[in-house]
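Remarks on the overall topology
So you can see what is in the structure, the chains are spelled out below.
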Amino acid sequence: MTVPLRSVPAPAEEQRPKRSFAELVAAIYEDPRVGHETRELLLAVAYAVDLAKREDGVSPLKVARRKLGVHAGRARYDRLIANDAPRYEPPREAADWGPGGAPGCEAPRLRTYVYRPRIAVTGEPEESAVPLRPSPSPVLHAAPGFSPPAVDYRNAQGICGANSHHKVLEKDPRTGWVTAHWFCKRHKDHAERVAEQVRAQNEAAPEPIPNRGGLLPCYFKADWEQVYRHYAGKSWEPPVYGLCADDWPTPGQPLISRGRLRVVVGGIDIEEAE
Ligand SMILES: [Zn+2]
């Protein structure tokens, strides 16, 4: 089924030199932000836009979608567009980890950590136990020649290091990006103290600056908001910083200006994903 979302009328030609197809392809290849799959997407759209200039009745995004093929029963184009939806992705540590998965407790260590070998379950001396079968040889999960560090990391970093249960998110006052702090059950008080310390800062923090996607609008002009909304799902919202990754500020750095010689993608007809 074809759903014509909206046609974007081509704006008046800008008084700037036009970027040739070769220059556009070179710019995509030289852009360090572009990963290999997004590069494929950008090149497919570039090719389709170029084709549409020479042949009538070509819908660039439909051509790009066809060229990118199908994987696991889904048009790759649909997934790649959704991947390019501009958004902020928090770091892995900020996810909701279960016990054991989260980073170790970062509360300060007061006493030196001392390794204590496990005590035998029976409490009897090992020699008196009647072996039912010979014990397997110990498995060594380390490279040959490995020796444990002389200073345990918990002592070196002065942290508790126990399994974490309490998460406190701290937002950067400039970027809105989050840092996760983790604490064990024994350091619940510490977690509450840290949460109180960052509360005002978190409330005043700006919307997070996007750190993913937003590359299509750097190269092509179209109603990308409609397109992203269609493929990225209902929960996606356009970032307040704009859709285009070029427009996102980096603290302490000037904005990246890439000439803004964007190619106009003609009428946008988006096919529904099968
Ligand atoms: Zn702890």
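Rules behind the numbers
- Residues numbered from 1 in each chain as written.
- Predicted model: local features only at pLDDT ≥ 70, side-chain atom pairs only at ≥ 80, totals over all residues.
- Helix = DSSP H or I, 4+ residues; strand = E, 2+ residues; numbered from the N terminus.
- Buried ≥ 20, exposed ≤ 12 C-beta atoms within 10 Å, placed from the backbone.
- Core = buried A, V, L, I, M, F, W, Y, C linked by C-beta atoms within 7 Å.
- Contact = placed C-beta atoms within 7 Å.
- Axes fitted to C-alpha atoms, helices over the stretch in contact; angles between N-to-C directions.
- Parallel < 35°, antiparallel > 145°, perpendicular 65-115°, else oblique.
- Left-handed = near helix turned anticlockwise from the far one by under 90°.
- Nonpolar A, V, L, I, M, F, W, Y, C, P; charged D, E, K, R; others polar.
- Pairing = 2+ DSSP bridges.
- Arc of directions from axis to C-beta.
- Expected span 1.5 Å × (residues − 1).
- pLDDT = per-residue confidence, 0-100.

Here we take up the overall build of the protein. Scanning the protein for helices and strands turns up eight helices and eight strands. When the 274 residues of the protein are sorted by exposure, 22% land in the buried category.

Quick look at the nonpolar core now. Most often, soluble globular proteins keep nonpolar side chains buried together rather than apart. Counting 31 residues, the largest nonpolar core has Leu42, Val45, Ala48, Ala64, Leu216 and Tyr219 as the members making the most contacts within it. Of all the elements in the fold, those that place two or more residues in this core are helix H1 (21-30), helix H2 (36-54), helix H3 (60-67), helix H4 (76-83), helix H7 (216-219) and helix H8 (224-232). Here the element with the most residues in this core is H2; it accounts for eight residues. Of all hydrophobic cores here, the second largest spans nine residues; its members include Cys105, Trp182, Cys184 and Ala191.

Glancing now at the environment of Glu93. Along the polypeptide, Glu93 turns up in the loop between H4 and helix H5 (153-157). For the pair Glu93 and Val178, spaced 85 residues apart in sequence, the C-alpha to C-alpha distance is 9.7 Å. Excluding residues that lie within four positions of it along the chain, Glu93 makes contacts with Pro103 and Ala180.

Packing of H4 against H8 brings their axes to within 8 Å, and their N-to-C directions diverge by 110 degrees. With respect to each other, H4 and H8 are oriented roughly perpendicular. In this structure, H4 crosses over H8, and the sense of that crossing is left-handed. Here Asp78, Ile81 and Ala82 of H4 come into contact with H8, specifically with Val227, Tyr228, Tyr231 and Ala232. Partitioned by chemical class, the residues of the contact of H4 with H8 number six nonpolar, no polar and one charged.

So, about unusual backbone geometry. One non-glycine residue, Ala72, lies in positive phi territory at about 50 degrees. By the element assignment, Ala72 lies in the loop between strand S2 (70-71) and strand S3 (74-75). Given 6 C-beta atoms within a 10 Å radius, Ala72 is considered exposed.

Pairing of strand S4 (residues 166-171) with strand S5 (residues 178-183) involves six bridges; the strand directions are antiparallel. The residue of S5 that forms the bridge with Lys167 is Trp182.

Here the focus is the environment of Lys188. When you line up the elements, Lys188 lands in helix H6 (residues 188-204). We classify Lys188 as partly exposed; it has 13 C-beta atoms within 10 Å. Note: C-alpha distance between Lys188 and Lys167 (21 residues apart in sequence) is 9.7 Å. Dropping the residues within four chain positions of it, Lys188 is found in contact with His166 and Phe183.

Burial in H3 covers these residues: Pro60, Leu61, Ala64 and Arg65. What you see down the axis of H3 is that its buried residues fit within an arc of 135 degrees, all on one side.

Side chains three or four residues apart in an α-helix point the same way, a direct result of the helix having 3.6 residues per turn. Look at H2: 27 Å from first C-alpha to last across 19 residues, which is about the 27 Å you get at 1.5 Å a residue. Those residues of H2 that sit buried are Leu41, Leu42, Ala44, Val45, Ala46, Ala48, Val49 and Ala52.

Taken over all residues, the pLDDT of the protein has a mean of 83, while the share at 70 or more is 75%. With pLDDT under 50 throughout, residues 1-14 is counted as low confidence; its partners more than four residues away or in other chains account for 20 contacts.

Quick look at the packing of H2 against H3 now. Taken N-terminus to C-terminus, the directions of H2 and H3 make an angle of 135 degrees; their axes are 8 Å apart at the nearest point. Judged by the inter-axis angle, H2 sits oblique to H3. Relative to H3, H2 is oriented so that their crossing is right-handed. From H2, Ala44, Val45, Tyr47, Ala48, Val49, Leu51 and Ala52 reach across to H3, where they touch Pro60, Leu61, Val63, Ala64 and Lys67. Partitioning the contact of H2 with H3 into residue classes produces eleven nonpolar, no polar and one charged.

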